[in-house]
There are 2 protein chains.
Amino acid sequence: MSDSFAATFKTGPISQLLTPCLLLDEIKLRRNLDRLDERLAGLGVTLRPHLKTAKSVDVARLAVPHRKAPATVSTLMEAEYFAAEGMHDLLYAVGIAPAKLDRVGAIRRRYKAALSIILDSVEQAEAVTEWCRRSGDKLPVFIEIDCDGHRSGVQPGETERLVAIGRILHEGGAILRGVMTHAGESYNLNDPKALTAAAETERAGAVSAAEALRAAGLPCPVVSVGSTPTAHFARNLEGVTEVRAGVYMFSDLVQAGIGVCGVEDIALSVLATVIGHQRSKGWIIVDAGWMAMSRDRGTASQTVDQGYGVVCDLAGTPYPDLIMPGANQEHGVLALRPGSNAALPDLKLGDKVRILPNHACATGAQHDRYHVVHGAEADVKAIWPRINGW
Amino acid sequence: MSDSFAATFKTGPISQLLTPCLLLDEIKLRRNLDRLDERLAGLGVTLRPHLKTAKSVDVARLAVPHRKAPATVSTLMEAEYFAAEGMHDLLYAVGIAPAKLDRVGAIRRRYKAALSIILDSVEQAEAVTEWCRRSGDKLPVFIEIDCDGHRSGVQPGETERLVAIGRILHEGGAILRGVMTHAGESYNLNDPKALTAAAETERAGAVSAAEALRAAGLPCPVVSVGSTPTAHFARNLEGVTEVRAGVYMFSDLVQAGIGVCGVEDIALSVLATVIGHQRSKGWIIVDAGWMAMSRDRGTASQTVDQGYGVVCDLAGTPYPDLIMPGANQEHGVLALRPGSNAALPDLKLGDKVRILPNHACATGAQHDRYHVVHGAEADVKAIWPRINGW
């Protein structure tokens, strides 16, 4: 379809943007990237950035500056998109469905990409090796380990199953590239000691699985761990070769609630316009509802519930205690936190605000582009497209 | 970008679809459309379908068969998309931001569309009439009424404000087309008597506002009310000229929880593939996570919490007590409801399931197309694209 208005905006003042739309602060983004790069370099491991949050080649160019450097994706759509841009070492980090192998093979051939997959069962390993034999493509495979009961993966102690999967892959024509795990339960923590312990559980789970494979005479060159919280709280990554993280690039209110960053580090926000008031209730109505913010309410289970988001002025500074407690599809209700003594800001019809999201992955997915800004400067510097879908 | 695989699929067996993806049962869709059409015809009012759920011209052709018939949209992107397809009488049902008036005017001119807007303040009415005078375009305007404290709108009893807005519009060069209200609080109900009462509150609020305008010598030809629950439970719509509803087309688990429909009436589902198991926990892992289902957990506050969705076989029949209690970005965890005595179905790696969503508007928005199916038949009959964004 022709979208005559949205298509005409290239760069210019933020105040000229049609709302709702997504802003990305490139200065905060670069700072977040540098921070984790430096941290992991100090721990002697490689970072394999997860591109599921950004889904943008422009962000990938900053996060993965070398085309041959490793990266992670969450869909085969992302794999194809980033491979088409020349990225090489891509890990599709969702357990493989056998019906997807032909598409994996097509991406590998078409873009000469070292796209690898993950799995956690004998059935998958058999399907993969059968596919490798049929296609002649030696697929690189990671075995997924469940370090903390979060979702998928071979359980700790299931050494027999682990070795059986490894042997089928290694002897059946695939490349057993290593093991990988994700400490997803770390998202439920907010205490530095507990986060460091979660990182150690993640490390130990992956390393002991790698050792079990090696003890059985199987190769395991790569030991991959990662989540944004554990990547920021790990003290020791002995035996680990790479760390995966994604949301650290933009960060969000959930990460701030965990303690990974401050609210001032959040690079992503939704620009919204005031469209009304319910003055007797202390409500300001904006044109960003859950369609623009996403339905993610990750802070609802944290110590500080931020509603659908924290409301900032156009320069990105939060208004004291102003959040979005309620949202409909295209309406957001702004109000002071319950019990706040702050004054409701005098936001008038047509005024614009920036709203920090609960969860950058979910909010980003509601949009098809980033409007790139630099800190409190009033101009949009660039438009960076992003993808969605599978 | 080139998406070589997804783009090649046109029609064929459901089993050949890449997952996750969205299925739409055209038979249920048509039945849902007929049901509300007949109900409202019996009550003597016009239906102005809300296209915010479907966002698809193919669905609009069924829901609004006559190009001149009224419809509702939630974004100006939708307004432009449907106007470009020849739809004429479109109501943009989110309070207008003055900065959007130029785009409204461009859509009206370019497509000769009778696009109308809503507002609830003197400030907006002044901005609109100033714009009308400047542009020479007599914009049709509805005044929004707050019938149940849900979000925007002139409050009941604020007759002075209501008449002031009406007078500014009528005397300032806009067309005062009428009043509109939305009983959004009806989503929190599940008792037929309470729902019928909510419909009456909605009717009475709109009609009394219309009478107040007329008593002040102002025109109010259209009296527009609507929400999917009140549209299905209203007994008397005296004084109302049209009803708006959107989610009724597809329906969803929230509507079933309210009592608007049965689970068997839900036309929308997400097709997913089994990618693993955690057998000791009774978990089946599928490749549809919250990215495919949306983060909407509308049933969490209802009598029956359906998790992220109700799991059905490929023919669309629910497995007893099988729901999706947990979801990550691209992983869904299927398990029996707590306390269930049902047996966990023997779903194997690669098996496909259909998952009914909490909220059709939110789940639809995670996708760019519908794969159209007919009941339990195994073939995809068509691909219907849909839009997102603003």
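Counting of residues starts from 1 at the beginning of each chain's written sequence and follows it residue by residue. For this description, chains carry letters from A and ligands carry numbers from 1, given in the order in which they are written. Per-residue local features are limited, in this predicted model, to residues with pLDDT of at least 70; the limit for side-chain atom pairs, both in listing and counting, is 80 or more; totals at the level of whole chains, interfaces and linings are taken over all residues.

## Here's the deal with the overall build of chain A
Comment: elements are numbered from the N terminus, with helices defined as DSSP H or I runs of at least four residues and strands as E runs of at least two. Each helix and strand counted, chain A has 12 helices and 18 strands in total. Atoms considered for the radius of gyration are the C-alpha atoms alone. The globule rule reads 2.2 Å times the number of residues to the power 0.38. Rg of the C-alpha trace for chain A: 22 Å, near the compact-globule value of 21 Å for 390 residues, within the 12% margin. Principal axes of the C-alpha set define a box for chain A whose edges measure 70 × 50 × 35 Å. Every one of the 390 residues in chain A was classed for burial, and the buried ones make up 57%. This entry defines residue contacts through backbone-placed C-beta atoms, with two residues in contact when those atoms are within 7 Å. When contacts within chain A are restricted to residue pairs at least 6 apart in sequence, those whose partners lie at least 24 apart make up 67%. Residues are called buried when their C-beta atom has 20 or more other C-beta atoms within 10 Å, exposed when it has 12 or fewer, and partly exposed otherwise; all C-beta atoms are positioned from the backbone.

## A word on the domain arrangement of chain A
Interfaces are often sized by the amount of accessible area the parts lose when they come together. All names here are of chain A. Domain start and end points were adopted from an automatic or database domain assignment. Its domain assignment divides chain A into domain 1 (4–22 + 260–385) and domain 2 (26–251). Here the C-alpha centre of domain 2 lies 33 Å away from the C-alpha centre of domain 1. Counting residues at the interface gives 18 residues for domain 1, matched by 18 residues for domain 2. Among the elements of the structure, α12 (360–364), β17 (369–373) and β18 (379–385) are those that each provide at least two residues to the side of domain 1 that touches domain 2. Under the scheme applied, nonpolar residues are Ala, Val, Leu, Ile, Met, Phe, Trp, Tyr, Cys and Pro; charged residues are Asp, Glu, Lys and Arg; polar residues are all the others, including Gly. Classifying every residue of the side of domain 1 that touches domain 2 gives 11 nonpolar, 5 polar and 2 charged.

## Structural notes on the packing of helix α6 (residues 122–135) of chain B against helix α7 (residues 159–172) of chain B
All names here are of chain B. Helix axes are fitted to C-alpha atoms over the stretch in contact, other axes to C-alpha atoms as well, and angles between N-to-C directions run from 0 to 180 degrees. With their axes 9 Å apart at the nearest point, α6 and α7 run at an angle of 0° to one another. Between α6 and α7, the angle is such that the two are roughly parallel. Contact residues: α6 offers Val122, Ala125, Glu126, Val128, Thr129 and Cys132, while α7 offers Ala164, Ile165, Ile168, Leu169 and Gly172. Among the residues forming the contact of α6 with α7, the class breakdown is 8 nonpolar, 2 polar and 1 charged. Our angle categories are set so that under 35 degrees counts as roughly parallel, over 145 as roughly antiparallel, 65 to 115 as roughly perpendicular, and the remainder as oblique.

## A word on the relation of the copies chain B and chain A
Residues reaching a pLDDT of at least 70 in both copies supply the C-alpha atoms on which the copies are superposed by least squares. With an RMSD of 0.0 Å, the operation that places chain B on chain A is a rotation of 180° combined with a shift of 0.0 Å along the axis. Between the two chains, the operation in question is that of a two-fold axis. Residues of chain B ranked by C-alpha distance from the rotation axis are headed by Arg295(B), positioned 2.5 Å from it. An overlap of 100% is found between the interface residues of chain B and their copies at the interface of chain A, pointing to a shared contact surface.

## Examining the pairing of strand β12 (residues 283–286) of chain B
All names here are of chain B. DSSP-based pairing: two strands are paired if at least 2 bridges between them are found. Taken together, the 4 bridges between strand β11 (residues 268–278) and β12 define a ladder with antiparallel strand orientation. Along β12, the bridge assignment pairs Gln278 with Trp283. In textbook terms, the turn of a hairpin is the stretch between consecutive antiparallel strands, and for β11 and β12 this stretch comprises 4 residues, one of which, Gly282, has a positive phi near 70°. Note that β12 and strand β15 (residues 332–336) share 3 bridges and pair antiparallel. Its bridge partner being in β15, Val286 is matched across the sheet by Gly332.

## Focus: the interface of chain B and chain A
In this assembly, 53 residues from chain B lie in contact with 53 residues from chain A. Those elements that place two or more of their residues in the side of chain B that touches chain A are α1 (4–8), α4 (76–84), α5 (101–111), α6, β11 and α12 (360–364) of chain B. Considering each element in turn, the side of chain B that touches chain A owes the most residues, 4 residues, to α4(B). For the side of chain B that touches chain A, the residue count by class is 24 nonpolar, 17 polar and 12 charged.

## Here's the deal with the packing of helix α7 (residues 159–172) of chain A against helix α8 (residues 192–215) of chain A
All names here are of chain A. Running from amino to carboxyl end, α7 crosses α8 at an angle of 60°, the nearest separation of the two axes being 10 Å. Classed by the angle they form, the pair α7 and α8 counts as oblique. As α7 packs across α8, the resulting crossing turns out to be right-handed. Side by side, α7 and α8 meet where Thr159, Leu162, Val163 and Gly166 of the first sit next to Ala209, Ala212 and Leu213 of the second. Grouping the amino acids of the contact of α7 with α8 by side-chain chemistry returns 5 nonpolar, 2 polar and no charged. In this scheme, a crossing is called left-handed if the near helix is turned counterclockwise away from the far one by less than a right angle; it is called right-handed if the turn is clockwise.

## A few points about the nonpolar core
We define the nonpolar core as any set of buried residues of the types Ala, Val, Leu, Ile, Met, Phe, Trp, Tyr and Cys, connected via C-beta atoms lying within 7 Å of each other. The biggest cluster of nonpolar side chains holds 268 residues, and the ones touching the most others in it are Phe82(A), Leu90(A), Val128(A), Phe82(B), Leu90(B) and Val128(B). Beyond its immediate stretch of four places on either side in the chain, Leu90(B) contacts Ala71(B), Val73(B), Ala79(B), Phe82(B), Ala83(B), Ala113(B) and Leu115(B).

## Details of the sheet that holds strand β3 (residues 46–49) of chain B
Residue and element names in this part refer to chain B. The strand order β3-β10-β9-β8-β7-β6 describes an open sheet built from 6 strands, whose pairing is parallel. In this open sheet, the two edge strands, each paired with only one partner strand, are β3 and β6 (117–119). Strand-to-strand twist in this sheet, taken as the mean axis angle between neighbours without regard to direction, amounts to 30°. Relative to strand β7 (residues 140–145), β6 runs parallel, the two being bridged by 3 bridges. Among the inter-strand pairings, Ile118 is bridged to a residue of β7, identified as Phe142.

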